[in-house]
Amino acid sequence: MTKALVTGCAGFIGSHLTQRLLSEGVTVIGIDGFLDNYDVAAKLRNLAQIGSHPAFTFHSTMLQAQRWKDWLEGVDVVYHLAALPGVRNSWGKAFTDYVNHNILATQMLLEACLQQPKPPTVVVSSSSSVYGTMQGSFTDEIAPLRPVSPYGVTKESMEQICQVYVKAYGLRVTMLRYFTVYGPRQRPDMAFHRFFRQLMKGEQVTIFGDGQQSRDFTYVADAVRANILAAKCAAPGEIFNVGGDREIKLLDVLAIMGGLLNVTPKLTFQSGPAGDSKRTCADITLAQTRLGYKPQVPLEEGLRLQLADMRSQAKG
Ligand code: UGA
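Predicted model only: the values in this text are computed from it and were never measured.

**Here we look at the overall build of the protein**
- Looking only at helices and strands, the protein has ten helices and 13 strands in total.
- Computed over its C-alpha atoms, the radius of gyration of the protein comes to 19 Å, within 12% of the 20 Å expected for a compact globule of 316 residues.
- In terms of its C-alpha atoms, the protein occupies a principal-axis envelope of roughly 60 × 45 × 40 Å.
- Within the span of the protein, comprising 316 residues, buried residues form 53% of the whole.
- Relative to all contacts within the protein whose residues are 6 or more apart in sequence, the contacts with residues 24 or more apart total 81%.
- Summing over all exposed atoms, the protein offers an accessible surface of approximately 13,400 Å²; the carbon and sulfur share of this is 54%.

**Thoughts on the UniProt feature "domain: NAD-dependent epimerase/dehydratase" (unreviewed entry) in the protein**
- The UniProt feature table records "domain: NAD-dependent epimerase/dehydratase" (unreviewed entry) at residues 4–243.
- End C-alpha to end C-alpha, residues 4–243 measures 24 Å, and it is 39% helix and 20% strand.

**Here we look at the pattern of salt bridges**
- Evaluated as defined, the whole model comprises 13 salt bridges.
- Two residues, R187 and D189, come together in a salt bridge whose shortest N-O distance is 2.9 Å.
- Residue R187 is classed as buried on the basis of its relative accessible area, which comes to 14%.
- According to the relative accessible area criterion, D189 is partly exposed, its value standing at 24%.
- With a shortest N-O distance of 2.7 Å, E300 and R246 are connected by a salt bridge.

**Some thoughts on the packing of aromatic side chains**
- Overall, the coordinates contain ten aromatic pairs when judged by the stated rule.
- Where Y182 meets F217, the ring centres are 6.5 Å apart and the plane angle is 90°; that geometry is what we call edge-to-face. Note that Y182 is positioned in strand β7 (residues 181–182) and F217 in the loop between β9 (214–216) and β10 (218–219), a separation of 35 residues in sequence.
- Ring geometry for F192 and F217: centres 4.3 Å apart, planes at 35°, overall tilted. Note that F192 is positioned in helix α6 (residues 191–200) and F217 in the loop between β9 and β10, a separation of 25 residues in sequence.

**What to know about helix α10 (residues 299–315)**
- An ideal rise of 1.5 Å per residue puts 24 Å on 17 residues; α10 measures up with 24 Å between its terminal C-alpha atoms.
- Among the residues of α10, those classed as buried are L299, G302, L303, Q306, L307, D309 and M310. Looking straight down α10, one finds that the buried residues subtend no more than 160° of arc, so they occupy a single side.
- In this structure, the buried side of α10 is in contact with β7, α6, β10, β12 (247–249) and α8 (250–261).

**Topic: the site of the ligand**
- Taken together, 23 residues form the shell around the ligand, and within it R88, S127, T180, R194 and D276 come nearest.
- Within the side chain of S127, a nitrogen or oxygen atom sits 2.4 Å from an oxygen atom of the ligand.
- Within the contact set of the ligand, an oxygen atom lies 2.7 Å away from a side-chain nitrogen or oxygen of R215.
- Relative to its unbound accessible surface of 700 Å², the ligand loses 96% to contact with the protein.
- Going through the elements one at a time, α6 and β8 (205–208) are the ones with two or more residues in the shell around the ligand.
- For the shell around the ligand, the per-class residue count stands at eleven nonpolar, seven polar and five charged.

Each value, and the rule that gives it
Residues numbered from 1 in each chain as written. Predicted model: local features only at pLDDT ≥ 70, side-chain atom pairs only at ≥ 80, totals over all residues. Heavy atoms only, no water. Helix = DSSP H or I, 4+ residues; strand = E, 2+ residues; numbered from the N terminus. Rg over C-alpha atoms; globule rule 2.2 N^0.38 Å. Buried < 20%, exposed > 50% of the residue type's maximum accessible area, 1.4 Å probe, protein only. Contact = heavy atoms within 4.5 Å. Areas by Shrake-Rupley, 256 points an atom, 1.4 Å probe, with all protein chains shown as cover. UniProt positions renumbered as here; feature names shortened; annotations may be inferred. Salt bridge = Lys/Arg side-chain N within 4 Å of Asp/Glu carboxyl O. Phe/Tyr/Trp six-rings, centres within 6.5 Å; stacked < 30°, edge-to-face > 60°. Expected span 1.5 Å × (residues − 1). Arc of directions from axis to C-beta. Near = heavy atom within 4 Å. Polar contact = N/O pair within 3.5 Å; in protein donor to acceptor, adjacent residues only side chain to side chain. Nonpolar A, V, L, I, M, F, W, Y, C, P; charged D, E, K, R; others polar.

See below:
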């Protein structure tokens, strides 16, 4: 039986991944430092959804506490999701925290993995924000990295520190570049969460920029599946785009959301924040051929599932 360590297990993607692993019979050690980038109550709710499974051990701690002996013993796979996410808040003084949680903490983890008698496979969460605004029709993994936010810079550096450990020590680290993940438990600062909340309350929906920006939105269960496939494939030093079913403009997503709620969204446009990419669109050929990854949840279905989750939270 496999034993996994999930860092950031109370977060949006981490909590779904933990549940999925437990359902597959994996023993999971979960770590979460409850960073206050959003309401900690939401993270506690995510943790509660995992429940008290006999194969699940939870440590409420920052990675910087470095209790590796407790966390890594007998672990076959580390899924490293702990991070300070979000592109728009990574400017100014916050950058120190982004460096700390996204680069330094990752290096500590890699170093600790090396010290293990049998170093585990590591699957690291990176981000489409390493590319910046995309050119051409689809972006593959060899496209130039031109992040447009400090957050994107930290994710690019995180990838590079991983590559150094792969090259120097043969550590088995695989990196996944997620494209704007959505679905139940999505972070409250992210667009779909904010839009649904505003629509459900009959409020104006705040659009940053002109709403013509586009994204390749990825449903959370697809991102989870990509992690599990990457761990099985163990492709040291390889990087995979993890995208959704298509690229779509924000205004077109809002039209779908309006249809689901049977409302006509009232829109307010605000000047676009620095750090926002104009468009993202993943070429997932590599993940398809090497990992067998294929997004399974179309956007309309994923939006319906996120809305159902938000409605049940609102009743809650
Ligand atoms: C998201 C995550 O926040 C990052 O952590 C992640 O690394 C990144 O995806 C990625 O894929 O690399 P983002 O694409 O900005 O970043 O995702 P959203 O927060 O869902 O925003 C999507 C678009 O909606 C952006 O253009 C944003 O400016 C816009 N938006 C967001 C609004 O117009 N209004 C809002 O209230 C919120």
